[in-house]
Amino acid sequence: MPHSGDDRKRRFERLALPHLDAAYNLARWLAGNPADAEDVVQEAYLRAYRYFDAFQGGNFRVWLLTIVRNSFANWVRENRSARMMFVPETPVAETADRDETMWGTSPRDPEALLLDSLDSQMLERLMQQLPSDYREVLLLREVEDLSYKEIATVTDVPIGTVMSRLARARLALRRLWLTETAQEGADGL
Amino acid sequence: MDCEHAAPWLPLLLDRELPIWRRLRLGRHVAGCPTCAGRLDELQTMRTAMKVQLPYHRAPPGLATRILSSLPREMAPQPVRPWFRIPAFALAGTSLGGALAGGALVLLVQSRTAEGPRGTAIADVIDSHIGSMMAEHLTDVRTSDQHTVKPWLSAHVDVSPPVRELAPEGFPLIGGRVAYIDGHQAAAVVYRHDKHVINLFAWASPGNPDVPMHTTTRQGFNVISWRAGGIEYFAVSDLEADQLERFARLVAG
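The shown structure was predicted, so the numbers you read here are calculated from the model rather than taken from an experiment.

Asks: Quick question: what am I supposed to make of the packing of helix α3 (residues 34–50) of chain A against helix α4 (residues 60–78) of chain A here?
Replies: Relative orientation and spacing of two packed helices are given, respectively, by the angle between their axes and the distance between those axes. Residue and element names in this part refer to chain A. Where α3 meets α4, the closest approach of the two axes is 8 Å, and the angle between their N-to-C directions is 120°. Taken together, the axis directions place α3 and α4 in an arrangement best described as oblique. Relative to α4, α3 is oriented so that their crossing is right-handed. The residues of α4 that touch α3, namely those facing D39, V40, V41, E43, A44, R47 and A48, are L64, I67, V68, S71, F72 and W75. For the contact of α3 with α4, the residue count by class is 9 nonpolar, 1 polar and 3 charged.

Asks: Any chance you could explain the nonpolar core here in plain terms?
Replies: Nonpolar side chains tend toward joint burial in soluble globular proteins. By size, the foremost hydrophobic cluster in this structure holds 93 residues, and its most contacted members are A23, A27 and V68 of chain A together with L200, F201 and A235 of chain B. Looking at this core, the element that brings in the most residues is helix α9 (residues 159–188) of chain A, giving 9 residues. Look past the residues within four positions of A23 of chain A in its chain and what remains in contact with it is V41, A44, L64, L65 and V68 of chain A. Core analysis: the next-biggest nonpolar cluster, separate from the first, contains 9 residues, A7, L10, V30 and L40 of chain B among them.

Asks: Which parts of the structure should I look at to understand helix α8 (residues 146–156) of chain B?
Replies: For an α-helix the count is 3.6 residues per turn, leaving residues at separations of three or four pointing the same way. Residue and element names in this part refer to chain B. Among the residues of α8, V149, W152 and L153 are the ones counted as buried. End-on view of α8: buried residues confined to an arc of 95°, all on one side of the axis. Those residues of α8 that are exposed and angled more than 90 degrees off the buried face are H147 and A155. Looking at the buried positions of α8, the neighbouring elements they touch are β1 (141–142), β2 (173–181) and β3 (184–193).

Asks: I tried to follow the domain arrangement of chain A on my own but got confused; where do I start?
Replies: When the parts of a complex come together, some accessible area is lost, and that lost area is often used as the size of the interface. Residues and elements named next belong to chain A. The domain boundaries assigned to chain A delineate domain 1 (5–78) and domain 2 (91–188). Every contact between the two is made by 9 residues of domain 1 and, on the other side, 10 residues of domain 2. Those elements that place two or more of their residues in the side of domain 1 that touches domain 2 are α2 (20–31) and α4.

Asks: Explain the packing of α2 of chain A against α4 of chain A here, please?
Replies: All names here are of chain A. At a minimum axis separation of 10 Å, α2 and α4 run at an interaxial angle of 30°. As summarised for this structure, α2 and α4 are arranged roughly parallel, according to the angle between their axes. As α2 runs across α4, the sense of the crossing is right-handed. Together, A22, A23, L26, A27, L30 and A31 of α2 and R61, L64, L65, V68 and F72 of α4 make up the contact between the two elements. Of the residues that constitute the contact of α2 with α4, the class distribution is 10 nonpolar, no polar and 1 charged.

Asks: Quick question: what am I supposed to make of unusual backbone geometry here?
Replies: When glycine is set aside, most residues are seen to have a negative phi, and most peptide bonds are trans. Residues other than glycine seldom take positive phi values, yet D145 of chain A does so here, at roughly 60°. Within the element layout of this structure, D145 of chain A appears in the loop between α7 (132–143) and α8 (148–155). We classify D145 of chain A as partly exposed; it has 13 C-beta atoms within 10 Å. The phi angle at D182 of chain B is positive, at roughly 50°, despite the residue not being glycine. The exposure class assigned to D182 of chain B is partly exposed, which follows from the 18 C-beta atoms found within 10 Å.

Thresholds, definitions, all that
Residues numbered from 1 in each chain as written. Chains lettered and ligands numbered in written order. Predicted model: local features only at pLDDT ≥ 70, side-chain atom pairs only at ≥ 80, totals over all residues. Axes fitted to C-alpha atoms, helices over the stretch in contact; angles between N-to-C directions. Helix = DSSP H or I, 4+ residues; strand = E, 2+ residues; numbered from the N terminus. Parallel < 35°, antiparallel > 145°, perpendicular 65-115°, else oblique. Left-handed = near helix turned anticlockwise from the far one by under 90°. Contact = placed C-beta atoms within 7 Å. Nonpolar A, V, L, I, M, F, W, Y, C, P; charged D, E, K, R; others polar. Core = buried A, V, L, I, M, F, W, Y, C linked by C-beta atoms within 7 Å. Buried ≥ 20, exposed ≤ 12 C-beta atoms within 10 Å, placed from the backbone. Arc of directions from axis to C-beta. Domains from an automatic or database assignment.

Right under this line is the structure:
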């Protein structure tokens with residue numbers, strides 16, 4: 001039996017609104033500012049509502065985040081002349097890290113990452129320095145707790161690419177972190 | 001297991017993406033290895049920092065209301081094909097997700113014993129495939145020239161698998177390396193298809209009869225195995241099964 005318009009809307013509200021923060025946070029990190037993030041989320045929710053009937057169960061958050069990401073990609077295409085925060089592929093970073101493993105085969109550096117050594121603003125700044133596909137995979141894994149398979153769905157790349165991209169993203173963040181804290185130490189002296 | 005082999009797997013351990021026997025084996029190594037324990041700590045520290053210290057941008061107040069008021073009141077029937085992709089597995093029941101994941105682990109463990117040596121080989125080829133990508137150690141000899149890869153493999157492994165030029169068919173050759181599968185030294189011939197890496201493993205299995213191709217799926221990877229002319233073959237990739245089967249048929253010639 002077909003749902004009435006109000007039924008449909010209530011069902012959508014019940015499923016989609018609990019994920020509004022997750023949707024907004026992803027959009028905010030992708031777009032880089034609140035105004036654009038809000039546009040992207042509004043558009044994503046409208047699309048999600050329009051194609052709600054295509055959702056046949058499963059993880060609604062993953063489905064919704066996929067739409068947020070697609071809406072963002074669309075938004076970038078339509079606003080090509082505007083600020084470009086998003087670079088889908090980052091060949092420079094990908095090749096720069098290609099020959100390195102997470103720690104290399106050499107003995108581990110003497111420094112270690114210490115949680116106390118980095119505050120919120122520093123971490124935010126480091127994340128913003130990362131290529132957007134690294135930032136995205138880290139957010140989806142560490143903040144949104146998505147599995148590799150779910151990240152592959154949202155970002156539309158093979159699961160093997162998710163694994164190697166995540167490894168490189170962690171390596172890049174670790175390196176920035178160590179540089180940052182070494183700098184702090186030097187400034188402190 | 002030594003550190004060099006353990007290191008690429010530590011992120012997967014942290015991310016709970018390893019089958020249970022792998023987790024146990026790696027856990028034993030980490031317990032006795034301060035270096036790897038330190039690496040794992042660092043990964044955990046980065047995670048904690050991102051969870052605790054990274055600003056989480058909550059939706060501004062009023063956004064929910066604005067969204068709801070912008071939704072059209074009546075919906076016309078929608079086209080069958082939306083503009084975005086809906087991957088099939090995203091639609092698999094998540095309310096059952098936890099239970100399914102648990103079930104999958106059990107199945108993997110059982111199949112490892114039930115399938116005997118073949119189950120072990122499948123687990124090992126997936127390990128080697130993931131390991132080769134995580135450690136960025138895809139090839140020992142990196143060249144798209146089959147006349148370089150084949151003699152190199154022949155010199156290093158006791159099997160000489162066919163190394164074909166499949167670039168015109170969409171599978172460019174990347175190179176080769178030596179792998180260890182189920183206690184055998186094996187040749188790994190590496191191909192690519194778009195963004196997908198394909199590892200083709202081959203090792204000698206003298207005197208055993210031919211076995212037709214068989215496809216299985218584990219941990220998001222497809223594995224096709226067959227035996228021909230006294231050589232055991234395993235092709236593994238995150239490529240779609242039908243594409244990987246096309247690849248296997250091209251290799252088997």
